[in-house]
Each structure stands twice: as C-alpha cells, then as structure tokens.
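Structural overview for review
So the chains spell out like this:
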Amino acid sequence: MDRAREPLGKGLEDGARRLLPIALSALARREYGRIELERKLQRHLLAPEGPADVAQVLDRLQAKGLLCDQRMAQGLVRTRAARYGRLRIKQELERRGLDRETIAAALPSAADEFAVALALWQRKFGHPPATMHERARQGRYLAARGFAPALIARILTGTAQLEA
C-alpha cells in the first residue's frame, strides 16, 4: 500500500491518535494555520497527551496536505478583501500566527485595495464630506476597516473620484 492511501492514524502514538479526530473535525469546518490549530489542540490535552502528540498530529496533517498556512491565508484574504483593507487583514493573519512571508504573499495589491475602499465609501456615503465633522466620520469608517491614512485622505479630498 502506498503512503498516500494509508490511514492517517497509522503509526501515531495513543495520545496523538486521540487528538487526530479533533483536528480533522476543526479542519472540516474551516482552514487553520499550524499555530492556530496547535493552540486549539492544546486546549484539548489531557494527562496522557503532551505537546509532542500535538506536534505529531500537526506534522501528519501537513504531510498529507490537510494543513497549509498558505492556503489558509489565501482563503482568508479572498473572503475579507471585498470589505477590509490591507492593514486589517494583515492584523488578522498575524493574530492567527502566520509568518511575515506568508502574509506578504497573500495580501491584495494596493490597486485592489484602492478600488475596494472607493467602492465601500461610495456605497456608504456617495458624496464628499461637506463639514469637518462629516469628514472625520467618513475617515473613521474607512480607518476602522483597515485602510491606510493616505488612501483615506485621497478618497475624502475628491481626487480619487476624478481618477476612477
């Protein structure tokens, strides 16, 4: 029997074999990064299992292609990019324990971010701010969604509408 078809639990220690269904159940619901899934599995540790069992399960899942940081990052960016800016998406990926290279490869381009910010602003407000109070309100709206201050200023001054 080739290694690709052998059962996932074959050759695992008893503690790791108990953690494997928990990890598979979590991965069936959504993508996880290695560090994020490790934190989740550590909450399920009992006396007989230890960190070595968690590492063994994670190594096995990565070897089988069921656990992939890049795939998780790309999926998260795909779902968030239509509503949020690079700063907020980057912060969420960092919170999930991904390294800088993986995050940088997954983030959308600045041109895509500008188009998203402009579309969100037009849908919510549709007109340039008339007062400083309105300008601050519109700026806070975009800043809370993770858009860069320079991009926000460009949209709120009206120069973005002329270019788009």
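The structure we're discussing is the one just above.
Residues numbered from 1 in each chain as written. Predicted model: local features only at pLDDT ≥ 70, side-chain atom pairs only at ≥ 80, totals over all residues. Heavy atoms only, no water.

1. Some remarks on the overall build of the protein chain
Just so we agree on the cut-off: Helical segments are the DSSP runs of H or I of at least four residues, strand segments are the runs of E of at least two, and each set is numbered from the N terminus. The globule rule used for comparison is 2.2 Å times the number of residues to the exponent 0.38, while the radius of gyration itself is calculated over C-alpha atoms. In this scheme, a residue with accessible area under 20% of its type's maximum is buried, one over 50% is exposed, and one in between is partly exposed, where area comes from a 1.4 Å probe on protein chains only. Residues are treated as being in contact if the distance between any of their heavy atoms lies within 4.5 Å. Note on areas: Shrake-Rupley, 1.4 Å probe, and residue coverage restricted to the protein chains presented here.
Broken down by element type, the protein chain carries 10 helices and 0 strands. N-terminal to C-terminal, the α/β element order of the protein chain is α-α-α-α-α-α-α-α-α-α. Computed over C-alpha atoms, the radius of gyration of the protein chain comes to 22 Å, more than 25% over the 15 Å expected from 2.2 N^0.38 for 164 residues, which places it beyond the range of a compact globule. Projected onto the principal axes, the alpha-carbon positions of the protein chain cover approximately 70 × 35 × 25 Å. Taking all 164 residues of the protein chain together, 41% fall into the buried category. In the protein chain, of all internal contacts separated by at least 6 residues, the share reaching a separation of at least 24 is 62%. Surface accessibility of the protein chain: about 9,700 Å² in total, with carbon and sulfur atoms responsible for 54%.

2. Focus on the side chain of R96
Topologically, R96 is positioned in the loop between α5 (86-95) and α6 (100-106). The exposure class assigned to R96 is buried, which follows from its relative accessible area of 17%. Setting aside residues up to four positions removed in sequence, R96 forms contacts with R30, I35, E36, R39, M72, L76 and R80.

3. Notes on the packing of helix α1 (residues 14-29) against helix α3 (residues 51-63)
Heads up, the condition is: All axes are obtained by fitting lines to C-alpha atoms, using only the stretch in contact for helices, and the reported angles, taken between N-to-C directions, cover 0 to 180 degrees. By definition in this entry, angles of less than 35 degrees are roughly parallel, angles greater than 145 are roughly antiparallel, angles of 65 to 115 are roughly perpendicular, and the rest are oblique. The crossing is said to be left-handed when, going from far helix to near helix, the turn is anticlockwise and less than a right angle, and right-handed when the turn is clockwise. Any residue outside Ala, Val, Leu, Ile, Met, Phe, Trp, Tyr, Cys, Pro, Asp, Glu, Lys and Arg is labelled polar, Gly included; the first ten of those are nonpolar and the last four are charged.
With their axes 9 Å apart at the nearest point, α1 and α3 run at an angle of 50 degrees to one another. As the angle between them shows, α1 and α3 are arranged oblique. Like other packed secondary-structure pairs, α1 and α3 cross with a definite hand, here right-handed. Here G15, A16, L19, L20, A23, L24 and L27 of α1 lie close against α3, whose contacting residues are D53, V54, Q56, V57 and L61. Looking at the contact of α1 with α3 residue by residue, the class counts come to 9 nonpolar, 2 polar and 1 charged.

4. Let's talk about helix α8 (residues 132-144)
For clarity, the threshold we go by: Given the number of residues in a helix, its expected span is that number minus one, multiplied by 1.5 Å. For this quantity, the arc is that covered by the directions from the helix axis to the C-beta atoms.
Taking 1.5 Å of rise per residue, 13 residues should cover 18 Å, and α8 covers 18 Å from first to last C-alpha, within 8% of that figure. Considered for burial, the residues of α8 that qualify are E134, Q138, G139, Y141 and L142. Angular distribution of buried residues about the axis of α8 spans 155 degrees; they occupy a single face of the element. Of the exposed residues in α8, the ones pointing more than 90 degrees away from its buried face are M132, H133 and R140. Buried residues belonging to α8 abut α7 (110-124) and α9 (149-156).

5. Overview of the nonpolar core
Nonpolar side chains in soluble globular proteins tend to be buried together. Worth spelling out the cut-off: Among buried residues, those of type Ala, Val, Leu, Ile, Met, Phe, Trp, Tyr and Cys that are joined through side-chain atoms within 4.5 Å constitute a nonpolar core.
Core analysis: the biggest nonpolar cluster contains 16 residues, and L37, L41, V57, L61 and L67 have the highest contact counts within it. Counting residues per element, this core draws most heavily on α1, at 6 residues. Within the second largest apolar cluster, 14 residues are counted, among which are A117, W121, F147 and I155.

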